[in-house]
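Structure assessment
Here is how the chains run, residue by residue.
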Amino acid sequence: EIYHDSSHSYIEDSGTGELRLKSNLIRFQGTNGEPLAVFEQDSATALYFDNSIKLNTNALGVRFIGHLRGIDNEKIQLGASQDLELFHDGSNSHIKNATGHLIFKSDNFQFKDKESGDEMVKMLHDGAVELYFDNSKKFETQTNGARIYDSLGIGADSTSGALLNLRTPDGSSGNNTTKKG
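**A short note on the overall build of the chain**
When helices and strands are counted, the chain shows 0 helices and 18 strands. Sequence separation of at least 24 residues holds for 1% of the intrachain contacts in the chain that already meet a minimum separation of 6. Accessible surface, the chain: about 14800 Å² in total, of which carbon and sulfur atoms supply 51%.

**A word on the environment of Glu-85**
Mapped onto the secondary structure, Glu-85 falls in strand 9 (residues 84-88). Judged by relative accessible area, Glu-85 falls into the buried class, the value being 10%. Glu-85 sits 10 residues away from Lys-75 along the chain, and the two C-alpha atoms are 6.1 Å apart. Excluding anything up to four places from it in sequence, Glu-85 contacts Lys-75, Ile-76, Gln-77, His-94, Ile-95 and Lys-96.

**Considering the pattern of salt bridges**
When the charged atoms of two side chains lie near each other, side chains of opposite charge can form a pair. Counted according to the given criterion, the structure contains 8 salt bridges. In this structure, Lys-122 and Glu-119 form a salt bridge, with 3.9 Å as the shortest nitrogen-oxygen distance. Using a relative accessible area of 14% as the deciding quantity, one classes Glu-119 as buried. Salt-bridge contacts for Lys-137 lead to Glu-130; the nearest nitrogen and oxygen are separated by 3.5 Å. On the basis of relative accessible area, Lys-137 is assigned to the partly exposed category, the value being 24%. Taking relative accessible area as the criterion, Glu-130 reaches 7% and is therefore assigned buried. A network of salt bridges, in which partner residues are shared, links Lys-112, Glu-119 and Lys-122.

**With respect to the sheet that holds strand 9**
What the 3 strands build is an open sheet, ordered 8-9-10; its pairing is antiparallel. The strands lining the two open edges of the sheet, one partner per strand, are strand 8 (75-78) and strand 10 (93-97). Strand-to-strand twist across the sheet, computed as the mean angle between neighbouring axes with direction ignored, equals 10°. Where strand 9 meets strand 10, 5 bridges bridge the pair, whose relative direction is antiparallel. From the neighbouring strand, Phe-87 faces strand 10, where its bridge partner is His-94.

**Some remarks on the packing of aromatic side chains**
Under the definition given, this model contains 3 aromatic pairs. Taken together, a centroid distance of 5.1 Å and an interplanar angle of 20° make the contact between Tyr-3 and Tyr-10 stacked. Judged by its relative accessible area of 30%, Tyr-3 falls in the partly exposed class. For Tyr-10, a relative accessible area of 31% gives the class partly exposed. Between Phe-104 and Phe-109, the ring centres sit 6.4 Å apart and the planes meet at 90°, which makes this aromatic pair edge-to-face.

**Re the sheet that holds strand 7 (residues 61-64)**
Note on sheets: strands pair through backbone hydrogen bonds, and any given pair is parallel or antiparallel. Read from one edge to the other, the open sheet built from 5 strands follows the order 3-4-5-6-7, with strand pairing classed as antiparallel. A strand with exactly one partner marks an edge of an open sheet, and here the two such strands are strand 3 (25-29) and strand 7. Strand-to-strand twist of the sheet, defined as the mean angle between neighbouring strand axes without regard to direction, takes the value 10°.

**Some details on the side chain of Glu-130**
When you line up the elements, Glu-130 lands in strand 13 (residues 129-133). Excluding residues within four positions of it along the chain, Glu-130 makes contact with Met-120, Val-121, Lys-122, Leu-124, Lys-137, Phe-139 and Glu-140.

Thresholds, definitions, all that
- Residues numbered from 1 in each chain as written.
- Predicted model: local features only at pLDDT ≥ 70, side-chain atom pairs only at ≥ 80, totals over all residues.
- Heavy atoms only, no water.
- Helix = DSSP H or I, 4+ residues; strand = E, 2+ residues; numbered from the N terminus.
- Contact = heavy atoms within 4.5 Å.
- Areas by Shrake-Rupley, 256 points an atom, 1.4 Å probe, with all protein chains shown as cover.
- Buried < 20%, exposed > 50% of the residue type's maximum accessible area, 1.4 Å probe, protein only.
- Salt bridge = Lys/Arg side-chain N within 4 Å of Asp/Glu carboxyl O.
- Pairing = 2+ DSSP bridges.
- Axes fitted to C-alpha atoms, helices over the stretch in contact; angles between N-to-C directions.
- Phe/Tyr/Trp six-rings, centres within 6.5 Å; stacked < 30°, edge-to-face > 60°.

Rendered as structure tokens:
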């Protein structure tokens, strides 16, 4: 049935079975002519917002343009059993892996402070692993071992008196040992 009820127009399938529209190209347009959705046989399907494609299918799968958003506790789930989850719980962000190992692949990794970009950790391909405190390098691995910048406290918190504190006069590598107590 096609009808108008003095407020709205309708195309209604009130019988049995399905309502099927057959065409090699179907376009839904707003009254101003802007596209709302396009369905093209053997090609892309596109959904629009304000005359701009936001989601479309293609030969590789699905592409979104802009931001993909979810509210707290909505998850991106991947894997046959949804073994990998990415979500925000309102307070913290989570990457949760329930099967096997969570493997990150890159030639270099950097962890930085979200505000100012201060260095926290660097892991460099065929190179050092570097640890930072307040954007100042404190430890790094090297070909022949490791290097500690400033001092190494062993035991209690080094600011309140370490059992053993190794320190060079200039903060560089060396064998100067100072016992604290």
